Amino acid sequence: MGESKAMFNAGEVEKARRVRLKPINRQQMVLRPVEVEKLVPEDHEVRAVWEFVGRMDLSEYYEEIEAVEGEAGRPALDPQLMVSLWVYAYSKGVSSAREIGRLCEYDPAYQWVTGLEPVNYHTLSDFRVDHQDALDELFIEVLGLLSVEGLISLERVMHDGMKVKACASGDTFRREERIRKHLELAREQVEAMGDPRIAEEVSPRVAKARQRAAREKKERLEKALEELEKIRATKSSKGEKAEVRVSMTDPEARVMKQSDGGYAPSYNAQISTDAKERVIVGVGVSQCGSDYEELVPAEERVEEAMGSAPEQMVTDGGFVSRENILAMKEKGIDFIGPMGVGVAQSAGQMKRRGVDPSFYPEAFDYDAASDTYRCPAGKSLRPDGQEKRPGRTNYKYRASAADCQRCRFKERCCPQNETMGRAIVRGVDDPVVVAHREKMETEEAKQIYRHRGEVAEFPNAWIKEKIGLRQFRLRGLVKVGMELLWACLAYNIQQWIRLCWRLQWAQF
Ligand code: SF4
């Protein structure tokens, strides 16, 4: 070892210079004063939420409070506090009552709202779903204020749907027989819960929790049987005979196609957005995977919340049907949405009937003067009745049975027709539908439609990405509807913070 190394020996260094370090004392008790008002800066977003909620009429919530002055019992938590906590939490992507309860213990923003008071997560959880009417009213109140601030015009409302996964996995779906077996067991379990010998084995709190869990399971299974019947009725009205299965965890969820092409138990969230400042003006949840039937209810929700109908509604092709075009026309709403060709007889139908592609309807020539069709074999197809449908009349034409039975093309043209001649259907759209189709060809309509994606999909993306609502935490149509409404409420208040509240700080 050289001389220089020896110089850096630790002992030598300590001799030359004694280092002093600050001790860490984890045994001490510290009492620090906290100025609650200073927990968050003046321009902190949580103050905006508190201020906004403070402007709302929360009387529906106050009316439901049982604790009153002069009577025994614990005072209730202020609805302004509870609403503010949920709105702020949702806007930060927190949708768990337990998580909010934890945050109230250490996060300055949550501590500021609660004034450092702890909030029990059961209370938070119950508050989210116990006041449906009050929440609906609050959503409308918020829209009223945003309207006064000039953030809503109703000149153009973009409507869209998005599938949100239910709180149930695909392997919870069972047939009727299995559900009945589980229900029998659940009923026995509920009855056994009343046995005092079992209740004695555990603490009263645990016994109560177990009783509640068993009761809820029994109710879910009873609901599953109800839903099973509903699905069965719908399928039989459509002439479908497929086997019916339903989730035992969330019986009201339905298997729906997702944007990635896969299938999962879901709900169809319907959101209407005012194009002016992208404020959500209507929210609904449906059990139906397709969007065709959701446009009219969506418009009605907007009208009910805002007190007047939108001047224009814009949707993607999934909402465009002849019924919807007529319904919007009747309501005096300018409807923008691309329409498919809408053939009377699809290629799929032809294929199922074993028709060769060279004998599809396009191969038949229509003669308007005689109102007949001429088939590839040169035979006439004459009028054979008509069927009126919303927005369209289907005129049927048929060749004579004798012509077809003798025809050399029979096996390629109408192989399944044993006693009748080949039929062709000519669909004639209602003038309103024709006008819609023509309007959608104009540059103006195309331009409006191009704008749809960025407006309608913005809140959807925000709700999924920022709020994190990719899967519902709650179960059942009513509760998931409320969960979505809380998310949309948080979104709308964020829009107000961004467009109005922040401005006042920008001016300082
Ligand atoms: S089967 Fe009937 S409709 Fe078809 S080509 Fe022959 S005659 Fe015409």
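The present account deals with the structure reproduced in this document. (Residues numbered from 1 in each chain as written. Predicted model: local features only at pLDDT ≥ 70, side-chain atom pairs only at ≥ 80, totals over all residues. Heavy atoms only, no water.)

### Let's talk about the overall build of the protein chain
Condition: What counts as a helix is a DSSP run of H or I of at least four residues, what counts as a strand is a run of E of at least two, and both are numbered from the N terminus. Burial classification: accessible surface area is computed with a 1.4 Å probe over protein chains only, and a residue below 20% of its type maximum counts as buried, one above 50% as exposed, and the rest as partly exposed. When checking whether two residues touch, look at their non-hydrogen atoms; a contact exists if any pair is within 4.5 Å. Note on areas: Shrake-Rupley with a 1.4 Å probe; residue coverage comes only from the protein chains shown. We count Lys and Arg on the positive side and Asp and Glu on the negative side, and we leave His and both chain ends out. We put the charge of a Lys on NZ, of an Arg on CZ, of an Asp on CG and of a Glu on CD.
Helix and strand counts for the protein chain stand at 20 helices and 13 strands. Its C-alpha atoms give the protein chain principal-axis dimensions of about 115 × 85 × 70 Å. Among the 508 residues that make up the protein chain, the fraction classed as buried is 41%. For the protein chain, long-range pairs separated by at least 24 residues make up 70% of all intrachain contacts whose partners lie at least 6 apart in sequence. Total accessible area on the protein chain stands at roughly 29500 Å², and carbon and sulfur atoms take up 49% of it. Distance between charge centroids for the protein chain: 8 Å, based on 79 positive and 84 negative side chains.

### Some thoughts on the pairing of strand 13 (residues 423–429)
Our working rule: Here, any two strands with at least 2 DSSP bridges between them count as paired.
The element strand 13 is largely enclosed, with a buried count of 5 among its 7 residues. Note that strand 12 (residues 392–399) and strand 13 share 7 bridges and pair antiparallel. Within strand 13, the residue paired with R392 across the bridge is D429.

### Structural notes on the sheet that holds strand 11 (residues 380–389)
Convention followed: Axis angles are defined between N-to-C directions and span 0 to 180 degrees, where every axis is a line fitted to C-alpha atoms and, for a helix, only to the segment in contact.
Here 5 strands make up an open sheet; going across it, the order is 9-10-11-12-13 and the pairing antiparallel. Here the strands that pair on one side only, and so sit at the sheet edges, are strand 9 (365–367) and strand 13. Put simply, the sheet's adjacent strands are angled 35° from each other on average, direction ignored. As defined by bridge partners, strand 9 adjoins strand 10 (residues 372–374) across 3 bridges and the pair is classed as antiparallel. Looking at strand 10, one finds that Y366 is bridged to Y373.

### Remarks on unusual backbone geometry
A negative phi angle is the norm for most residues apart from glycine, just as the trans form is the norm for most peptide bonds. The residue L116 is not glycine, and still its phi comes out positive at about 70°. When you line up the elements, L116 lands in the loop between helix 7 (108–114) and helix 8 (121–130). Here L116 falls in the partly exposed class, since its relative accessible area comes to 35%. For L154, which is not a glycine, the phi torsion comes out positive at approximately 65°. Topologically, L154 is positioned in the loop between helix 9 (132–148) and strand 1 (157–165).

### Quick notes on the packing of aromatic side chains
What counts is decided by this rule: Any pair of Phe, Tyr and Trp rings, taking the six-membered ring for Trp, is counted once the centres come within 6.5 Å. Such a pair is stacked with planes under 30 degrees apart, edge-to-face with planes over 60 apart, and tilted for the rest. Definition used: whenever NZ (Lys) or CZ (Arg) falls within 6 Å of the ring centre and also within 35 degrees of the ring normal, the charge is taken to sit over that ring.
The full count for this structure, using the stated rule, is 14 aromatic pairs. Between W86 and Y90 the ring centres are 5.6 Å apart and the planes differ by 35°, which places this aromatic pair in the tilted class. With W86 and Y90 both in helix 5 (residues 79–91) and 4 residues apart, this pair spans about one turn of that helix. We note that W86, like Y90, is buried. Counting every residue linked through ring pairs, the aromatic cluster contains Y61, W86, Y90, F127 and W486. The lysine or arginine in question, R278, covers the ring of F458, its NZ or CZ lying 4.7 Å from the ring centre.

### Some words on the pattern of salt bridges
For clarity, the threshold we go by: We define a salt bridge as a contact between a side-chain nitrogen of Lys or Arg and a carboxyl oxygen of Asp or Glu at a distance within 4 Å.
Inspection of the entire model under this criterion finds 32 salt bridges. The salt bridge involving R232 is made with E176; its shortest N-O contact spans 3.0 Å. Note that R232 is positioned in helix 12 (residues 204–237) and E176 in helix 10 (residues 176–193), a separation of 56 residues in sequence. The partly exposed category is assigned to E176, whose relative accessible area is 21%. Linking E465 and R470 is a salt bridge whose minimum nitrogen-to-oxygen distance equals 2.4 Å. Of the residues examined, R470 reaches a relative accessible area of 45% and is grouped as partly exposed. Overlapping salt bridges bring together K223, E226, E227, K230 and R254 as one network.

### Observations regarding the packing of helix 5 against helix 20 (residues 477–506)
Test applied: Every angle not falling under 35 degrees, over 145, or within 65 to 115 is termed oblique; those three ranges are roughly parallel, roughly antiparallel and roughly perpendicular.
The contact between helix 5 and helix 20 brings their axes to 9 Å, and the two run at 80°. Looking at the two axes, helix 5 sits roughly perpendicular to helix 20. Contacts between helix 5 and helix 20 pair V83, W86, V87, Y90 and S91 from the former with E483, W486, A487, L489, A490, I493 and Q494 from the latter.

### Looking at the pairing of strand 4 (residues 254–257)
Residue alternation in strand 4 divides its side chains into a buried set, R254 and M256, and an unburied set, V255 and K257. Strand direction decides the pairing type here: strand 4 and strand 5 (residues 263–274), joined by 4 bridges, are antiparallel. Bridge assignment links R254 to a residue of strand 5, and that residue is S266.

### Details of the environment of C375
By secondary structure assignment, the location of C375 is in the loop between strand 10 and strand 11. Taking C-alpha positions, C375 is 9.0 Å from P361, a pair spaced 14 residues apart along the chain. Not counting residues within four places of it along the chain, the set of residues in contact with C375 comprises F364 and L381.

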